[in-house]
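Breakdown of the fold
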Amino acid sequence: MDLSDQKHFTVVDYVIFAVLLAASMAIGLYYALSGGRQRTTQEFLMADRSMKCLPVSLSLIASFQSAVAIIGVPAEIYTHGTQYWFIGCAYFLGLLIPAHVFIPVLYRLRISSAYQYLEMRFSKTVRICGTLTFIFQMVIYMGVCVYTPAFALNAVTGFELWGTVLATGLVCTLYTTLGGLKAVIWTDVFQTVVMFAGQLAVIVVGVLRTGGVSEVWRKVWEGNRISGLDLNPDPTERHTFWTLGVGGIFLMLSLYGVNQAQVQRYLSARTEKEAVRSCYMVFPSLQLALALSCVMGLVMFARYCGEDHSDKLGSSSRDAMVIYFVMDMLQGLPGLPGLFVACLFSAALSTISSAFNSLATVTMEDLIKPHFPAMTEARATLLSKALAMSYGLLCLAMAYLTHLMGDSVLQVALKIFGMVGGPILGLFCLGMFFPWANSIGAVAGLGAGLTLSFWIGVGSIVTRSSGTRSLPPDCRVALLSDNTTAAIQTALSNVTLRSESLRQHTLSQAQ
Ligand SMILES: CC(C)(CO)[C@@H](O)C(=O)NCCC(=O)O
Ligand code: NA
């Protein structure tokens, strides 16, 4: 099997992908032309504070569930077993604490940006430091989010890389700029449904093609992929119950407690009760999202039994292998490959739209408005739209930067969350739980936190010591036809040819 046999899309697939983009655009247009027609910042940035809990909760999941999770989690499970699934334990406290600590504080202040809290509690300086840190975090993250699905698809199917990046970036910029937060939230709802549908399709077809549930179970069991509770207290150990179930709580708090993208959604709810309820409703959907991506990794394992060509190719190739698996499964079923592509891009669009809108909000509320108190509402709204659009265009530049890196996408995203989100969470906690803390202490703490986390994070990137030890599979060759192996090899060697950074990584590993 060579590249001429590579996975192709039928017309139906392209139509489904186009429908996703068109429907998202249509929702943007609808909210540009209905309601208050996006003439106030209250509507454009806060959705008139009129949202109900169901759309808010689906939108909350969508914000930080991107193609990174759709591709990265199965790749993680495939390579390292189900230990990562224990992060689901962190969802209990990771959502209860935001619902009963952070939401009440932030909602009752009637603010628009979470960083306004920091000025009320500490000072202007602390607020600006918080805002700038957030901008830094989201700008890097959105680059990863828009690049990931385009790269993985391109590697396996030859889907035009930069054309896809441009199309998603521009469509998202347009509907975000036109329809404001209402459009962002309602596209999130639609895109979350598409996301679940796509993952479910892969799993159902994958299980059927691999010989049924019991056969999948037998293979992952024999292949040593079901991980028990790992209680090793060593923090440098790759994924244990402590790092996932306990460390994950802090990850969840930084995302669901104090991240502006989420805080803005809580604030857009029409009552505090709806905001709390939406946070509760995130729990089952987030568990479902986690389960779907973990099961997908297991089905993939049952199919290929840990065949691992990525040692030669660098870690990202496992991400590409997930796409390869999906295309392998769904081939010959018209529309399903397209549904999965739509699933990937739904996940990406719903994340970058949240990023554009929240970045426009903090830039407007924290950096611009305080200096121009007399600015008219019309002007402020126009400026907010210009900001949303500018961040959309910046996202494309960041995608190019991501292109130059070469780590597993899940690790990159989690590192950004930890390195930048952690110190911001610390800042808010200092304000809320330590009444004697002052502004100087807050800035010093944020600075020290960022320095320490960058030392650790950048250090681990530079030395590449993120412990990429993979589990030895037991059922290696027996289940693979030579054809499949050859096809994977072709697909994966294709990946190296296309990616400069991967090739460099390969060289550095070989030395
Ligand atoms: C945010 C969590 C940890 C919640 O499970 C998960 O969705 C995740 O690992 N996301 C990775 C980042 C992303 O999907 O963009
Ligand atoms: Na998303």
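Residues numbered from 1 in each chain as written. Chains lettered and ligands numbered in written order. Predicted model: local features only at pLDDT ≥ 70, side-chain atom pairs only at ≥ 80, totals over all residues. Heavy atoms only, no water.

A separate point is the overall build of the chain. Per the secondary structure count, the chain includes 19 helices and 0 strands. Counting the 511 residues in the chain, one finds 60% classified as buried. Within the chain, contacts between residues separated by at least 24 positions form 87% of all contacts whose residues are at least 6 apart in sequence. (Helix = DSSP H or I, 4+ residues; strand = E, 2+ residues; numbered from the N terminus. Buried < 20%, exposed > 50% of the residue type's maximum accessible area, 1.4 Å probe, protein only. Contact = heavy atoms within 4.5 Å.)

Each protein donor to the sodium ion (ligand 2) is listed here as Ala 62 (O), Gln 65 (O), Ala 347 (O), Ser 350 (OG) and Thr 351 (OG1); together their distances run 2.3 to 2.4 Å. All donors of the sodium ion (ligand 2) belong to a single chain; written as a sequence motif, their spacing is A-x2-Q-x281-A-x2-S-T. Of the two residues, Ala 347 and Ser 350 are both situated in helix α14 (residues 336–368); the distance of 3 residues between them amounts to about one turn of the helix. Grouping residues by exposure puts Ala 347 and Ser 350 together as buried. (Donors = N, O, S within 2.8 Å, 3.2 Å for Na, K, Ca; no water.)

Here the chain averages 87 in pLDDT, while 86% of its residues score no lower than 70. No element of the chain has a lower mean pLDDT than helix α19 (residues 500–510), which averages 40, and none a higher one than helix α5 (residues 90–108), which averages 98. Between residues 311–315, whose pLDDT stays under 50, and residues either more than four places distant or in other chains, the model counts 15 contacts. This model gives residues 476–511 a pLDDT under 50, and the stretch forms 64 contacts once residues within four places in sequence are excluded. Under the prediction, the complex receives an ipTM of 0.96, its pTM being 0.88. (pLDDT = per-residue confidence, 0-100.)

Our next topic: the packing of aromatic side chains. Scanning all chains against the criterion turns up 24 aromatic pairs. Summarising the aromatic geometry, the rings of Phe 241 and Trp 242 are spaced 5.4 Å apart at their centres and angled 70 degrees between planes, so their arrangement reads as edge-to-face. (Phe/Tyr/Trp six-rings, centres within 6.5 Å; stacked < 30°, edge-to-face > 60°.)

The next thing to look at is α14. Taking 1.5 Å per residue, 33 residues should reach 48 Å; α14 reaches 46 Å between its end C-alpha atoms and fits that length. With 30 of its 33 residues buried, α14 lies for the most part within the structure. (Expected span 1.5 Å × (residues − 1).)

Moving on to the site of ligand 1. Lining the immediate environment of ligand 1, one finds 15 residues, of which Gln 65, Ser 66, Tyr 84, Tyr 91 and Tyr 141 sit closest. Within the side chain of Ser 66, an N or O atom sits 2.5 Å from an oxygen atom of ligand 1. Out of a free accessible area of 380 Å², ligand 1 has 98% covered by protein chains. Looking at the shell around ligand 1, the elements that each hand over two or more residues are α4 (67–80), α10 (241–257) and α16 (409–433). (Near = heavy atom within 4 Å. Polar contact = N/O pair within 3.5 Å; in protein donor to acceptor, adjacent residues only side chain to side chain. Areas by Shrake-Rupley, 256 points an atom, 1.4 Å probe, with all protein chains shown as cover.)

Mapped onto the elements, Asp 234 comes out in the loop between α9 (213–222) and α10. Polar side-chain contacts of Asp 234 include one of 2.8 Å to the side chain of Thr 236.

Let us now look at the pattern of salt bridges. Throughout the structure, instances matching the rule amount to 14 salt bridges. Residues Lys 182 and Glu 43 are paired through a salt bridge, measuring 2.9 Å at the closest nitrogen-oxygen approach. Of this pair, Lys 182 sits in helix α8 (residues 161–210) while Glu 43 sits in helix α2 (residues 41–46), placing them 139 residues apart in sequence. Across this residue pair, the class does not change: Lys 182 and Glu 43 are buried. As a salt-bridge pair, Arg 303 and Asp 328 come within 3.6 Å of each other at their nearest N and O atoms. On the criterion of sequence distance, the pair formed by Arg 303 in helix α12 (residues 272–304) and Asp 328 in helix α13 (residues 317–330) is long-range, its members being 25 residues apart. Linked through salt bridges whose partners overlap, the residues forming this network are Glu 119, Lys 124, Arg 127 and Asp 366. (Salt bridge = Lys/Arg side-chain N within 4 Å of Asp/Glu carboxyl O.)

Of all the residues in helix α6 (residues 114–121), the buried ones are Ala 114, Tyr 115, Gln 116, Tyr 117 and Leu 118. Where α6 starts, the residue carrying a side-chain oxygen 3.0 Å from the main-chain nitrogen of Tyr 115 turns out to be Ser 113.

The subject of this paragraph is unusual backbone geometry. Phi is positive for Arg 49, close to 50 degrees, though the residue is something other than glycine. With respect to the helices and strands, Arg 49 occurs in the loop between α2 and α3 (53–63). With a phi close to 55 degrees, His 239 is a non-glycine residue in the positive phi region. With respect to the helices and strands, His 239 occurs in the loop between α9 and α10.

Of note, Thr 40 is situated in the loop between α1 (11–33) and α2. Sequence-wise, Thr 40 and Leu 410 are 370 residues apart; in three dimensions their C-alpha atoms are separated by 37 Å. Not counting chain neighbours up to four residues away, the residues in contact with Thr 40 comprise Asp 48, Glu 377 and Thr 381.

Position of Arg 127 relative to the elements: it lies in helix α7 (residues 124–157). Owing to a relative accessible area of 7%, Arg 127 belongs among the buried residues under this scheme. Taking the C-alpha atoms as reference points, Arg 127 and Ser 439, 312 residues apart in sequence, are found 9.9 Å from one another. When residues no more than four places from it in sequence are discounted, the contact partners of Arg 127 are Tyr 115, Gln 116, Leu 118, Glu 119, Glu 365, Asp 366 and Pro 370.

This part takes up the side chain of His 80. Of note, His 80 is situated in helix α4. Exposure remark for His 80: the relative accessible area of 11% places this residue in the buried category.

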